[in-house]
Amino acid sequence: MARQYRWAEQSQNALLGKEHDRVDGLAKASGTAKYTADTNTTGTLFCALVTSNVAHGKLAKLDVSVAEKLPGVKAVHVFTEEGKEILWEGTLIAAVAAETEGQARDGCRAVEKAMNIEELPHWVNESDLQGATAAERTKDLGDDTQGDPDEAAKTAAVVHEGEYGIASITHMCMEPHGAHAEWGVNGNDELTVHLSTQNVSGTPGQFAGNPAIGIGIDKVEVVCQYLGGGFGSKFAADEWGIAAAVMARKTGRPVRLMLDRATELKVAGNRPSGFAKVKIAANDKGEIVSWDSHHWGTDGISGSPISGSVMPYVFDFPNRRRKVTGIVTNCGPKRAWRAPNHPQGCALTGPAIDDVAAKLGKDSYDVFKANLQYAPEARREVYAAEMEIAAKLMDWKAKWHPHGKGPKKDGVVRGLGMAIHTWGGRAHGATTRIKVHPDGTVETFGGSQDIGTGTRTAIAVTVAETFGLGVDDVKVNIGSSKYPRSGPSGGSTTIGGVTGPNRRAALDALWHLSDLVAKKYEVDGESVTAKDGKLWSNGKMVCTWKQACSLLGPMAAEFEARGPQKDQALGKDPLNDNGVAGVQMADVSVDVD
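Residues numbered from 1 in each chain as written. Predicted model: local features only at pLDDT ≥ 70, side-chain atom pairs only at ≥ 80, totals over all residues. Heavy atoms only, no water.

### Here's the deal with the sheet that holds strand 24 (residues 534-537)
- The three strands lie next to each other as 23-24-25, forming an open sheet whose pairing is antiparallel. Of all strands in the sheet, those with a lone pairing partner are strand 23 (528-531) and strand 25 (540-544), marking the two edges. Taken pair by pair, the neighbouring strands of this sheet meet at an average axis angle of 35°, ignoring direction.
- Sheet topology places strand 23 next to strand 24; four bridges connect them, and they run antiparallel. Pairing of Ala530 across the sheet is with Leu535, part of strand 24.
- Strands in contact with helix 14 (residues 494-521) are strand 23, strand 24 and strand 25; relative to strand 25, the strand with the most contacts, it is inclined by about 105°. (Pairing = 2+ DSSP bridges. Helix = DSSP H or I, 4+ residues; strand = E, 2+ residues; numbered from the N terminus. Axes fitted to C-alpha atoms, helices over the stretch in contact; angles between N-to-C directions. Contact = heavy atoms within 4.5 Å.)

### Regarding helix 13 (residues 455-467)
- Between its first and last C-alpha, helix 13 extends 19 Å over 13 residues, near the 18 Å set by a 1.5 Å rise per residue.
- Just downstream of helix 13, Gly468 is the residue with a positive phi angle, here 70°. (Expected span 1.5 Å × (residues − 1).)

### Some words on unusual backbone geometry
- Going from Met311 to Pro312, the amide bond is cis rather than trans, its omega being -10°.
- Tracing the backbone through its elements, the reader meets Pro312 in the loop between strand 16 (288-297) and strand 17 (320-327).
- The phi torsion at Asp238 lies on the positive side, around 70°, for a residue other than glycine.
- With phi around 70°, Val314 is a residue other than glycine that occupies positive phi space.
- For Val314, the position within the fold is in the loop between strand 16 and strand 17.
- Its relative accessible area of 14% is what places Val314 among the buried residues. (Buried < 20%, exposed > 50% of the residue type's maximum accessible area, 1.4 Å probe, protein only.)

### A word on the pattern of salt bridges
- Throughout the structure, instances matching the rule amount to 26 salt bridges.
- Of the charged contacts, one joins Arg105 and Glu101 as a salt bridge, the two residues approaching to 3.9 Å between their closest N and O atoms. Here Arg105 and its partner Glu101 are both found in helix 3 (residues 101-113), four residues apart, which amounts to about one turn of the helix.
- Arg105 sits in the partly exposed class, given a relative accessible area of 44%.
- Residue classification places Glu101 among the partly exposed residues on the basis of a relative accessible area of 39%.
- A salt bridge links Lys323 to Asp140; its shortest N-O distance comes to 3.6 Å. (Salt bridge = Lys/Arg side-chain N within 4 Å of Asp/Glu carboxyl O.)

### Focus on the packing of aromatic side chains
- With the rule as written, the count across this model stands at nine aromatic pairs.
- Relative to Tyr374, the ring of Phe317 has its centre 5.6 Å away and its plane inclined at 75°; by these criteria the two rings are edge-to-face. One end of the pair, Phe317, is in the loop between strand 16 and strand 17; the other, Tyr374, is in the loop between helix 10 (364-370) and helix 11 (380-394), and 57 residues separate them in sequence.
- Relative accessible area serves as the criterion here: at 18%, Tyr374 is assigned to the buried category.
- Consider the rings of Tyr365 and Trp396, whose centres lie 6.4 Å apart with planes at 45°: the pair is tilted. (Phe/Tyr/Trp six-rings, centres within 6.5 Å; stacked < 30°, edge-to-face > 60°.)

### Looking at the environment of Arg335
- As for its placement among the helices and strands, Arg335 is situated in the loop between strand 17 and helix 9 (342-360).
- Taking the C-alpha atoms as reference points, Arg335 and Gly232, separated by 103 residues in sequence, lie 6.7 Å from one another.
- Dropping the residues within four chain positions of it, Arg335 is found in contact with His171, His177, Gly232, Ser233, Asp238, Trp240, Ala268, Gly269 and Asn270.
- A polar contact of 2.7 Å, which involves the side chain of Arg335, links it to the backbone oxygen of Ser233.
- Polar contacts involving the side chain of Arg335 include one to the side chain of Asp238, which spans 2.5 Å. (Polar contact = N/O pair within 3.5 Å; in protein donor to acceptor, adjacent residues only side chain to side chain.)

### Looking at the sheet that holds strand 19 (residues 412-423)
- Strand order in the open sheet made by the three strands is 18-19-27, with antiparallel pairing throughout. At either end of the open sheet lies a strand with only one pairing partner, and these are strand 18 (408-409) and strand 27 (580-591).
- Of the strands in this sheet, strand 19 and strand 27 are in contact with helix 11, which crosses strand 27 at around 30°.

### Remarks on the packing of helix 13 against helix 14
- With their axes 9 Å apart at the nearest point, helix 13 and helix 14 run at an angle of 25° to one another. The orientation of helix 13 relative to helix 14 falls into the category roughly parallel. Handedness of the helix 13/helix 14 crossing: right-handed. Residue-level inspection shows Thr455, Ala458, Ile459, Thr462, Val463, Thr466 and Phe467 of helix 13 in contact with helix 14, the latter providing Thr494, Ile495, Val498, Thr499, Asn502, Arg503, Ala506, Leu507, Ala509 and Leu510. (Parallel < 35°, antiparallel > 145°, perpendicular 65-115°, else oblique. Left-handed = near helix turned anticlockwise from the far one by under 90°.)

### Examining the pairing of strand 17
- Most of strand 17 is tucked away, with six of its eight residues classed as buried.
- Here strand 7 (residues 138-146) runs beside strand 17; their pairing, made up of seven bridges, is antiparallel. Residue pairing for strand 17: Thr145 is matched across the bridge by Arg321.
- Bridging between strand 16 and strand 17 involves seven bridges; their strand directions are parallel. Residue pairing across strands places Trp296 opposite Thr325, the latter belonging to strand 17.

Structure representation (structure tokens):
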């Protein structure tokens, strides 16, 4: 009978589900962990940026000749050509690469002095729907209706109308966006880029395929050993990464180009805003019988607010109308930010439900629970159980009081709030290679990245658990595009994406060792298990891990596996499902004075 890929029962695990020190914790805490911003190979040139200081304009004049002749300046890269329209403040105009950061800034000042931007009318108010309409800065993105919300509202016990909003938020990663590019490290005309990225395996082609670089993808290596935050904004090579590579080739020197903080705020991406007028009606049981909303917002120049499909959030009431309007603003473009569309949809829906509960004089908890019938069927029981657990943890029922009727002490009032939410979460595909050496050393290789969530540790724990070893006995190699392909780190999918293939590759290796041990020690290979650095058969120790590995011969054995798997016969990864559900509750005190 073929062996089955599987995850052991929790009670059988020695490592999974337990607390562990992060395998890279000491490196990070001691400062020896090197991020892209720390990369400084011999001869590195440093960059500074010239950006637009107007929200909308025309680059009427651009002269970089003076900057190019300044002491220490080795290259000037132009992002925006003379005569081009500028659509948002912070637009990259030029980058100056020099021997020192000070010299690079001198070069930028020279460019700015010789530059002229003709300012044009702009619009940056994301919440003023009436003003944006008058200024012809809106886009009608449609509406849809199911049931009859107007007629249903007439039957309601209460009707509430309110306005809600959540502004745009711009990315500000602890480590700014940027790259360190160097040619010739691995051979002539080969590019090595240390890139602050959530997408190690997916960015080499973006460099190779750019016309300004134009080399085979096999000649590009992207490296990211440590990442100082991404949150959805670091999937691309980006224009600054390409510029670093172009200037590095031009000068024959390594070039480091990291965005400064001001530029990071303006061009590294934003989470779109969401503002809404909501009319919501409920019967005396707290069941919402009608929902009517019009929401608007912006993601910058394209004028796309959050998706209409997330309103109302999680719930799909039988009678509902939703209208969507985009506002075109002269602001930098959007980028994914931790569950795109979902935080905004939650922030616009939850308070409206809370307000209708207040109008009914009911506990918000009971109103949310009464409407779980309108949540996705597969998650209704999950939400109910989560609400019960959360309420017990924070003692909701004992603390709750009718809205606006709580005690006030020394100007401080206290109240409770809750929300429910959801996300997809299906893991991206990954390939893993595990090498087991004759001396017992174990290595695993994958082109994933650790965005701070403990990817290295999760991999080490998974492989160590399978082999019956300690976490420190597994060397985890990630962060290079030369390793087997992994998916990008986004949507909370990384751990599920990398642990499945590591588990299967490790099982393949263990089964191979089991067959060798069975032949050597004359035991049943199907009965061999690994635990405590030893191999066992029917409860009796057969040999040590190192003795088993010595049977491999002079060469390491290598095993590869892919994921996620969808074939049940191959053992479906339990971490690769999607459709998660969650509940949050808050106990908030506010000094109203």
